[in-house]
Amino acid sequence: MPRAQSDTKAEIRDVAVELFGRQGYERTSLREIAERLGITKAALYYHYPSKRDLLAALVEPLVTEAEHLLERHSGGAGAEQLLGEYFDLCVRHRGLMLAVLNDLTALSESGLVESVMSVRRRLDALLVGEDPGTPARMGAVIALGGIQDIAVMLPADEAAQHRDRAVQIAMAALRCGTAPGHAD
């Protein structure tokens, strides 16, 4: 039975994220993705005319979700909720984030790294303000970086199991950075 077009596109994205995360973007070929799926390279090109187009299709949901997260919290919702939702976003997109870590140079050309860094800077500002001073900024960097690393580096089920503790540790980093007596 032939595959539905939407299923094929989703399967291509799933395999690409897995291979990009494990091998890196540059070291994964479209031929390898097609072979893994048991489709021709021409069929893959029908859905994604280039590897960059495939990458763009992988990045779009991450960017969209991150923008929605930032919009939801722009009114000043609590830091704990923001960190928890950021953790969940990182877990959902851990394959793509692993691909970034595995192939930082190649993916920086795609704009993905700058997109991720832009989101991080905006999250930082939501947590500690636009001009918080170095200790508060350090707390935010440690909180966000720790959340991201735990969500991405641990297996997804293990990360999810420790989500609440990760958020509490991130909150402690924020509190430490903004505690009285920690001025520049």
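The structure we're discussing is the one just above.
Residues numbered from 1 in each chain as written. Predicted model: local features only at pLDDT ≥ 70, side-chain atom pairs only at ≥ 80, totals over all residues. Heavy atoms only, no water.

Some points on the side chain of His 73
Turning to step 1, where the next piece is worked out: Tracing the chain through its elements places His 73 in helix H4 (residues 51–73).
Turning to step 2, where the next piece is worked out: Those residues in contact with His 73, other than ones at most four positions away along the chain, are Gly 78, Gln 81, Leu 82, Glu 85 and Leu 126. (Helix = DSSP H or I, 4+ residues; strand = E, 2+ residues; numbered from the N terminus. Contact = heavy atoms within 4.5 Å.)

Brief notes about the packing of aromatic side chains
Turning to step 1, where the next piece is worked out: Counted by the stated rule, this structure contains one aromatic pair.
Turning to step 2, where the next piece is worked out: Consider the rings of Phe 20 and Tyr 25, whose centres lie 5.1 Å apart with planes at 70 degrees: the pair is edge-to-face.
Turning to step 3, where the next piece is worked out: Given the relative accessible area of 5%, Tyr 25 is considered buried.
Turning to step 4, where the next piece is worked out: Directly above the ring of Tyr 48 sits Lys 9, whose terminal nitrogen or CZ lies 5.3 Å from the centroid.
Turning to step 5, where the next piece is worked out: Taking NZ or CZ as reference, Lys 51 lies 4.5 Å from the ring centre of Tyr 25, over its face. (Phe/Tyr/Trp six-rings, centres within 6.5 Å; stacked < 30°, edge-to-face > 60°. Buried < 20%, exposed > 50% of the residue type's maximum accessible area, 1.4 Å probe, protein only. Lys NZ or Arg CZ within 6 Å of the ring centre and 35° of its normal.)

Notes on the packing of H4 against helix H8 (residues 112–128)
Turning to step 1, where the next piece is worked out: Interhelical geometry of H4 versus H8 gives an angle of 15 degrees and a closest axis separation of 11 Å. Taken as axis vectors, H4 and H8 run roughly parallel relative to one another. Relative to H8, the crossing made by H4 is left-handed. Residues Val 59, Leu 62, Val 63, Ala 66, Glu 67, Leu 69, Leu 70 and His 73 of H4 pack against Leu 112, Ser 115, Val 116, Val 119, Arg 122, Leu 123 and Leu 126 of H8. (Axes fitted to C-alpha atoms, helices over the stretch in contact; angles between N-to-C directions. Parallel < 35°, antiparallel > 145°, perpendicular 65-115°, else oblique. Left-handed = near helix turned anticlockwise from the far one by under 90°.)

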